[in-house]
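Close look at the chain arrangement
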Amino acid sequence: MIEFEGIASQSTILRMKQKERNAALIGATVTFLLCSGLVLLASFLINFLIIYFLIVVALLAIFMIVPQKGMEKRIPKKLIIENGMMMFLFDKGEVIKNISDVKKVYDKGDWYEFNCFFPHRNINLLCQKDWIKQGTIEEFEKLFEDKLVRE
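Let me begin by describing the structure that accompanies this report.

So, how was this worked out
Residues numbered from 1 in each chain as written. Predicted model: local features only at pLDDT ≥ 70, side-chain atom pairs only at ≥ 80, totals over all residues. Heavy atoms only, no water. Pairing = 2+ DSSP bridges. Helix = DSSP H or I, 4+ residues; strand = E, 2+ residues; numbered from the N terminus. Axes fitted to C-alpha atoms, helices over the stretch in contact; angles between N-to-C directions. Phe/Tyr/Trp six-rings, centres within 6.5 Å; stacked < 30°, edge-to-face > 60°. Buried < 20%, exposed > 50% of the residue type's maximum accessible area, 1.4 Å probe, protein only. Lys NZ or Arg CZ within 6 Å of the ring centre and 35° of its normal.

What the four strands build is an open sheet, ordered 7-6-5-9; its pairing is mixed. In this open sheet, the two edge strands, each paired with only one partner strand, are strand 7 (126-128) and strand 9 (148-150). Along the sheet, successive strands turn relative to each other by an average axial angle of 20°, direction set aside. Pairing analysis gives three bridges linking strand 6 (residues 111-116) to strand 7, with the strands arranged antiparallel. Opposite Trp111, over in strand 7, you have Gln128 as the bridge partner.

Set out below in structure tokens:
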């Protein structure tokens, strides 16, 4: 069994906020482009309403980009790896994954980020190296040696 437990450092929280912001920006851009196309198509039928529709779509896209509060609650406090399963424990709830669901494990220096196959993706699956309570970093890296990517 390998166990990590702790509170995320400020640098980890900052990196995760940046990653979440990038994902929101991509989602907002795609939403805006798709909705804008529909609005432009509808505007040929109704001339004067195009501006109102575009304003609504732009406001929705901007709302998606605004960073959400509570990043600390979306980062797991504990990770238990046992019998081919990984259990990420959050303030409210848990996420359980098979090790086979993991596509890559990114070594970000002082923490690890887990990238899983679709549809099991979750951008908040991570653990810091200094959280280790049971087992060793070497055991962890051996377990994911074929999936480990050092950055």
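Here we take up the packing of aromatic side chains. Applying the stated criterion across every chain yields a total of six aromatic pairs. Taken together, a centroid distance of 5.4 Å and an interplanar angle of 80° make the contact between Phe4 and Phe140 edge-to-face. With Phe4 in strand 1 (residues 2-5) and Phe140 in helix 4 (residues 137-143), the pair connects residues that are 136 residues apart, well separated along the chain. Take Phe4 and Phe140: they sit in the same class, and that class is buried. A ring pair is formed by Phe114 and Phe144, whose centres lie 5.8 Å apart and whose planes are at 70°; its orientation type is edge-to-face. Pair noted here: Phe114 is in strand 6 and Phe144 is in the loop between helix 4 and strand 9, with a separation of 30 residues, a long-range link. Take Phe114 and Phe144: they sit in the same class, and that class is buried. An aromatic cluster of at least three residues, connected via ring pairs, comprises Phe4, Phe88, Tyr112, Phe114, Phe140 and Phe144. We note Lys108 situated over the ring of Tyr106; from NZ or CZ to the ring centre the distance is 5.6 Å.

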